[in-house]
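# Topology and contacts: notes
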Amino acid sequence: MSPTPPALSKLQARQRDRVFWRLAEDIPQPLTWKLMVISAVVPLLLWWLLASSGWISDKFLPSPPDVLAAMGDLWERGLLVQDTRASIVRVTLGFVLAAVVATPIGILMAAFASIRALLEPAIGILRYMPAPAFVPLLIIYLGIDEAPKIALIFIGTVFFNTLMIMDAGKFVPKALIEATYTLGGSRWQILRQVIWPYIIPNVLDIFRVNMAASWNLVVVAELIAASEGLGKRIELARKFLNTDEIFACLIVLGLIGFSIDMSFRVLIRKTCAWSLDS
Amino acid sequence: MSLVISQLCKCYSTSSGSIEALRDINLHAEPGEFICVVGASGSGKSTLLRLIAGLEMPTSGELDLNGRAIVGPGADRGMVFQSYTLYPWMTLQKNVEFGLRLQGVNSKERRDRASYYLDIVGLASFARAYPKELSGGMKQRVAIARALATQPEVLLMDEPFGALDVQTREMMQEFLLEVWRRTNCTILTITHDVREAVFLAQRIYVLSAHPGTIDCEFQIDLPRDRTVLIEREPQFQSYVAAIQDRLRGLSKTTETSPMPTTSKAKADAH
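Predicted, not measured: the structure shown is a model, and the values here were computed from it.

### Topic: the pairing of strand β10 (residues 213–219) of chain B
Across 6 bridges, strand β9 (residues 203–208) of chain B lies against β10(B) in antiparallel orientation. Its bridge partner lying in β10(B), B:Ile204 is registered against B:Phe218.

Following this line, the structure appears as structure tokens:
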């Protein structure tokens, strides 16, 4: 009653099919790479095909080489560097400010039910006010310079950061806190030396996620009033129907976001190896 | 006298009224003694330990350590929890040092004392490892070293080997006795495992349930140097039998009331 060779190969084929649909499990590394390359190359090919098919006017859908040329042009005129730098500076200032404010408040809210009761309703409401709706107010209060743009990014990320850090702080095991008490730790020592280090990897991950929101907001701010920045460049390109420049700026924004995301992941892996599964 | 507890009561108020967890507890531990408190679930033995640790406050009664009232947690009462409570971002060395660090002990002395206790628990060669690299038994050994490093008056243990498999448990019990003999510290352990209690303790308090009260006390007259082989001695077995009879009798008397029966049925269902 030994299995016949065809049955065996059928079994193997089924096993192979199952690799792709493994629920909540890893897949082999080569397959991961293959799928990741597909994820980047297939949309690019579709775009190229569609643009060169002639169905859509190249004023609306420029081809990848056109976009690459536009990008080169922007680079040569020094605009790409200037705009990218302007946007990065705004995002950095707004986000760092939000992080510096959100982190201690979030931790205090996690640690003390009193602080939570005091702040959670207010922040819960503020968080649902769309940050772009603050732009007119910010212009009235702060003018049209850098300040309102940085303030917009701050408003748009500070509340999410705070509430997410609070949630992370709630997951510090109670036993870890009690163990520290029995070692003679004070509340302040527990906050600084137990709760804070425990949530650092979560906080970095929260920053990684909310960084995306600050890039949305910098473009919103620059569309309205700015002399430079990637959002401004997109708005100018619209006026002259330079869709190739718009595409170029969008791709730059995507690449910046992607590299920031990857940097955070690397940072977490390097500094918080203890929190990772493997 | 080291630890004295008198007329201790603990009630919890819940939405369905007040629940009496512990009633009129009187117990004491002499310096260097090894005490076990055994009781079924619901006997409030964990509550008792948490009261001694200062993590909870009694409803009434007194807890004194060396003549000073216990009013909160402190490093004079080290505690080992049933769940693993090592700091995952610190090496074992840093974990064991942590209590000393909280007290502001300088780094040289911290290092020396942590190394000494890591050596006592047999993990000196793992000083630079992180908790996630360790087995459950090793984690509890580090937790013991960490609790001992601040040189507490009493070491409190809340079913420290409850999460371990049988073989590791036996090893850990022998190991704990050896640590006790080497450090001469006072140890108070709670457990539901009668065999473990007889193996470890010099004196055993038996706790009855609902509410938790001390039913009786056993003096265990076995040599301090014990190995697992002692379990074959008739004297050991008669202690175990006597305590088990006592616990069985207690659960019989309580089974007439509906609450423990339902909670037992639930426990069986899981």
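### Points about the pairing of β9(B)
Residues and elements named next belong to chain B. Here β9 lies mainly inside the structure; 6 of its 6 residues are buried. Of the two faces of β9, the one carrying Arg 203, Tyr 205 and Leu 207 and the one carrying Ile 204, Val 206 and Ser 208 are both buried. Where β9 hands over to β10, the hairpin turn is made up of 4 residues, of which His 210 adopts a positive phi near 50 degrees.

### A few points about helix α9 (residues 187–224) of chain A
In an α-helix, one turn spans 3.6 residues, which is why side chains three or four residues apart end up on the same side. For α9(A), with 38 residues, the first-to-last C-alpha span of 47 Å runs short of the 56 Å given by 1.5 Å per residue. Its axis deflected by about 50 degrees at A:Ile200, α9(A) carries its strongest bend there, up to four residues before the proline A:Pro201.

### A few points about the packing of aromatic side chains
Enumeration according to the criterion identifies 10 aromatic pairs over all chains in this entry. Their ring planes at 70 degrees and their centres at 4.9 Å tell us that A:Phe20 and A:Trp21 sit as a pair that is edge-to-face. With relative accessibility at 68%, the residue A:Trp21 sits in the exposed group. Here B:Tyr87 and B:Trp89 contribute two aromatic rings whose centre-to-centre distance is 5.6 Å and whose plane-to-plane angle is 50 degrees, an arrangement assigned as tilted. B:Trp89 shares its class with B:Tyr87; the two are buried. In textbook terms, an aromatic cluster arises when at least three aromatic residues are bridged by ring pairs, as seen for A:Tyr198, A:Trp274, B:Tyr87, B:Trp89 and B:Phe98. One Lys or Arg, B:Arg141, reaches over the ring of B:Phe175 and ends 5.6 Å from the middle of that ring. Lying across the ring of B:Trp180, B:Arg224 places its NZ or CZ 4.2 Å from the centre.

### Observations regarding the pattern of salt bridges
It is possible for side chains bearing opposite charge to pair when their charged atoms get close. Applying the stated criterion across every chain, the model contains 29 salt bridges over all chains. One salt bridge connects A:Lys170 with A:Asp167, and the closest N-O pair in it is separated by 3.6 Å. Of this pair, A:Lys170 and A:Asp167 both sit in helix α7 (residues 146–170), 3 residues apart, roughly one helical turn. Close ionic contact of B:Arg203 with B:Glu33 constitutes a salt bridge, the shortest N to O distance being 2.6 Å. With B:Arg203 in strand β9 and B:Glu33 in the loop between β2 (17–29) and β3 (34–39), this residue pair connects regions lying 170 residues apart in the sequence. Both residues of the pair, B:Arg203 and B:Glu33, count as buried. Salt bridges linked by common partners bring A:Lys174, A:Glu178, B:Arg50 and B:Glu56 together as one network.

### A word on the interface of chain A and chain B
Accessible area lost upon the coming together of the parts is a frequently used measure of interface size. Across the boundary between the two partners, chain A contributes 19 residues, which contact 25 residues of chain B. Summed over both sides, the interface between chain A and chain B buries roughly 1,800 Å², with carbon and sulfur atoms accounting for 67% of that surface. Taken as a group, A:Thr182, A:Leu183 and A:Trp274 account for 39% of the area that chain A buries against chain B, more than any other trio of residues on that side. Taken together, the connections running from chain A to chain B amount to 1 salt bridge. In this structure, B:Arg50 and A:Glu178 form a salt bridge, with 2.6 Å as the shortest nitrogen-oxygen distance.

### What to know about the nonpolar core
For soluble globular proteins, the rule of thumb is that nonpolar side chains tend to be buried together. Core analysis: the biggest nonpolar cluster contains 68 residues, and B:Tyr87 and B:Trp89 have the highest contact counts within it. A total of 16 residues in this core trace back to one element, the largest contributor, which is α9(A). Grouped together as the second largest cluster of nonpolar side chains are 56 residues, B:Ala127, B:Ala143, B:Ile230 and B:Phe236 included.

### So, the confidence of the model for chain B
Counting all residues, the mean pLDDT for chain B is 87, and 92% of those residues have values of 70 or more. Averaged pLDDT values for the elements of chain B fall to 36 in helix α8 (residues 258–269) of chain B and rise to 96 in helix α2 (residues 92–102) of chain B.

Thresholds, definitions, all that
- Residues numbered from 1 in each chain as written.
- Chains lettered and ligands numbered in written order.
- Predicted model: local features only at pLDDT ≥ 70, side-chain atom pairs only at ≥ 80, totals over all residues.
- Heavy atoms only, no water.
- Pairing = 2+ DSSP bridges.
- Helix = DSSP H or I, 4+ residues; strand = E, 2+ residues; numbered from the N terminus.
- Buried < 20%, exposed > 50% of the residue type's maximum accessible area, 1.4 Å probe, protein only.
- Expected span 1.5 Å × (residues − 1).
- Bend = angle between axes of the 7 residues up to and from the residue.
- Phe/Tyr/Trp six-rings, centres within 6.5 Å; stacked < 30°, edge-to-face > 60°.
- Lys NZ or Arg CZ within 6 Å of the ring centre and 35° of its normal.
- Salt bridge = Lys/Arg side-chain N within 4 Å of Asp/Glu carboxyl O.
- Contact = heavy atoms within 4.5 Å.
- Buried area = accessible area lost by both parts, 1.4 Å probe.
- Core = buried A, V, L, I, M, F, W, Y, C linked by side-chain atoms within 4.5 Å.
- pLDDT = per-residue confidence, 0-100.

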